[in-house]
Every structure is written in C-alpha cells, then in structure tokens.
Amino acid sequence: MAIALGCLPLLHAQLKSGPPLPHKLVPNWPHLQRDWNFGECSGVAVDRHDNVWVFNRGAHPIIQFNSHGDMLQAWPAEMVKSAHGIRVDRDGNIWAVDVKGNTVLKFSPEGRLLMVIGGVGGAPGNNDSKDAFNAPTNVAFAPNGDFYVSDGYVNSRVVKYNQFGDYLLHWGRHGAGDGEFDLVHDVVVDSAGRVYVADRNNQRVQIFDGNGKFLGKWTDVGAPWGLDYVARENAIYMCDGVNDRVVKLNLEGQILGVLGSHGKAPGKLDFPHQIAVDSTGAIYVAEIKNWRVQKFARP
C-alpha cells in the first residue's frame, strides 16, 4: 500500500479557537552548517538540557542544536529510510521512528544504536503483530519507563512495551468509534499515566488509561498531527496540521491559547507536523512543507 506522508485529504471539522499565545518568532533559528539544508522536517524533540533534536528527510536526518541554534552534531542517513517522529527519554536516549522502514530505533545521545523494534528487514506487520509495525509514527514514555508506539498510517493501533522492549499489549482498529482510529499520528503520556492519541483523520484526540481503556475524547480542537505534554504546566501542545496552527490545551481539552496561521514567511506555518516545548516555555515546530523548524519564545 502506497503511503502519501503528510498529503492526505484535508477535511475541516468544527473548530474552536482561543486567545493568542504570547510567543514571538526567534529569527534565523537554527544555524545550519554552510551549504546544508533540511529536508522535510517531520520531528523535533527537546532533551533535559534544552538541546533540540531535529528529525528530517534530508542528507543528515538527525541533527542536534543547542537552544541558541548552534549545531552540535549530525548523524548520517544510512539507518533511516524516512524520518517521522522523534523523542528523548528521561535518560537522554534518542528514539527515532522510521515510517517507511517500519521500525522504532533507540540511540544513545552519541548516536550508538541501542535497540531496534520492527519486522526483519523492515517488513511490515499487521494490526495484531507484537513487534512489527506498518508505517509507525511516534513513541511516548510512561512514568515507569514503559513506552507506547503509535502505529500508524496503515495499522490503526497503539502498542505498549516495557522499558526493555518486551511487548505488553496493544489496542485499536480502523474506524471512527471510541477506541478506533483513522491514522494514529502521535501519542503522549501525562504524569498520571493517561495516554493521549492523535487520531489524525478523525480529527480528534482520544484519551485512554495505560492499558487501553477508553476515557474520553476531544473532537473540536482541530486536527491533531503532533502532541507534546508539558508536565510543569499540566498542558498539551498540539500541532493542528489542517489549520496550520499550534494549540495549547488543558487536560480537559479546553483551548488555552493559539499560535500561527498558514503561510511560507517566517512565523507562518505549513503542515506543522511535530512540536516540542523546552524548560523556558519556548515552542519548536517542525514543518513538512516549509522544510524547517521554527522557534517561538516567550517575551
């Protein structure tokens, strides 16, 4: 099955708005090496030192910057077919999701491969596979070290593993009912262990307990493409990819603030795909169509 990443039909749902977020664009962030460019930027993550990790579909898929935008290191493309989501765990390890390679890759901060989950040779699995995905999208970590994989463009489920990569359970199937998904595009976990799933084509966020029990859903906040849970604010930041904006939500699904609008100029957004927030509250947004990551800082 062909996968048109980031190019699926855009169907506008009933939409709520909110007050503008106070953040302002940081111009000319980041500073790439001379003659380097990003490809499509699919992922961005922040580590505990506020370093920023960018996952893109260019010649150097994983690049690390400091918060000022200075490049710290770059990794070659030899192990990744197509970048999608990226996250940093509590120990500083980098988790990269290869959407076309059907794999989840765990690296040390220095780039040493520590764990691979996926079918042999990147072969896709079906909706009942324990360790084979079909176009997975991202990964999220529970407080106890368990992790969840959103799987994804073809499969319609969330898969849970323990910290050692042992399969525990999965839930979901294709559909529009509670606990069903149409493109599972991202996943985050709050400090209480609740799991928030970006059900992209159904244009809703669904909420579950750690074992997949359905708890609720948000259906009028936009189209969730990327999510980031910020524990100190007890809030979720969301990339609304259909409406080219960032939305800040409390854990009841109420909109606390909105940032951005459609466009190509600096400060505008086109297919915002993943989002990350650092310890100062600065927001980083990875864009597919604009081939960039933008930083928006608090005044």
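Chemist: Go over the overall build of the protein with me, naming the residues and quoting the values.
Modeler: On a plain count of helices and strands, the protein comes out with zero helices and 24 strands. Against the globule reference of 19 Å for 299 residues, the protein gives a C-alpha radius of gyration of 17 Å, in line with a compact fold. With respect to the three principal axes, the spread of C-alpha positions in the protein is 45 × 40 × 35 Å. Evaluated residue by residue, the protein yields a buried proportion of 59% over its 299 residues. Pairs at least 24 residues apart make up 48% of the contacts formed inside the protein by residues separated by at least 6 positions. Counting only carbon and sulfur atoms, one obtains 50% of the accessible surface of the protein, whose full area is about 12,200 Å². Side chains of the protein give 29 positive and 31 negative charges; the mean places of these two sets differ by 3 Å.

Chemist: Account for the packing of aromatic side chains, naming residues and giving values.
Modeler: As enumerated under the stated definition, the model contains 16 aromatic pairs in all. On the numbers, 4.9 Å between centres and 85° between planes, the contact of W225 with F271 is edge-to-face. With a gap of 46 residues between them, W225 in strand β18 (residues 224-230) and F271 in the loop between β21 (255-259) and β22 (272-277) connect regions that are remote in the sequence. Through a chain of ring-to-ring contacts, the aromatic side chains of W95, F133, F141, F147, Y161 and Y167 assemble into a single cluster. Seen from the ring of W225, R200 lies directly overhead, with NZ or CZ sitting 3.7 Å from the centre. The aromatic ring of F271 is capped on one face by K289, whose charged end is 4.4 Å from the ring centroid.

Chemist: Can you tell me about the nonpolar core, naming the residues and giving the values?
Modeler: The biggest cluster of nonpolar side chains holds 17 residues, and the ones touching the most others in it are Y237, V246, I275, I283 and V285. Those elements that provide at least two residues to this core are β18, β19 (235-240), β22 and β23 (283-287). In this view, Y237 contacts L21, G226, L227, D228, V230, V246, V247, K248, I275, V277, I283 and R298; residues no more than four positions away in its chain are not counted. Listed in part, the 16 residues of the second largest apolar core include I207, W218, L227 and Y229.

Chemist: So what's going on with the pairing of β19? Residues and values would help.
Modeler: Buried residues dominate β19, accounting for six of its six residues. Burial of the side chains of β19 extends over both faces: A235, Y237 and C239 are buried on one face and I236, M238 and D240 on the other. Here β18 runs beside β19; their pairing, made up of six bridges, is antiparallel. Note on β19: the bridge partner recorded for Y229 is I236. Pairing analysis gives six bridges linking β19 to strand β20 (residues 245-250), with the strands arranged antiparallel. Note on β20: the bridge partner recorded for Y237 is K248. Following β19, the chain reverses through four residues before pairing antiparallel with β20; D244 in that reversal takes a positive phi of roughly 50°.

Conventions we followed
Residues numbered from 1 in each chain as written. Predicted model: local features only at pLDDT ≥ 70, side-chain atom pairs only at ≥ 80, totals over all residues. Heavy atoms only, no water. Helix = DSSP H or I, 4+ residues; strand = E, 2+ residues; numbered from the N terminus. Rg over C-alpha atoms; globule rule 2.2 N^0.38 Å. Buried < 20%, exposed > 50% of the residue type's maximum accessible area, 1.4 Å probe, protein only. Contact = heavy atoms within 4.5 Å. Areas by Shrake-Rupley, 256 points an atom, 1.4 Å probe, with all protein chains shown as cover. Lys, Arg positive; Asp, Glu negative; His and termini not counted. Charge placed at Lys NZ, Arg CZ, Asp CG, Glu CD. Phe/Tyr/Trp six-rings, centres within 6.5 Å; stacked < 30°, edge-to-face > 60°. Lys NZ or Arg CZ within 6 Å of the ring centre and 35° of its normal. Core = buried A, V, L, I, M, F, W, Y, C linked by side-chain atoms within 4.5 Å. Pairing = 2+ DSSP bridges.

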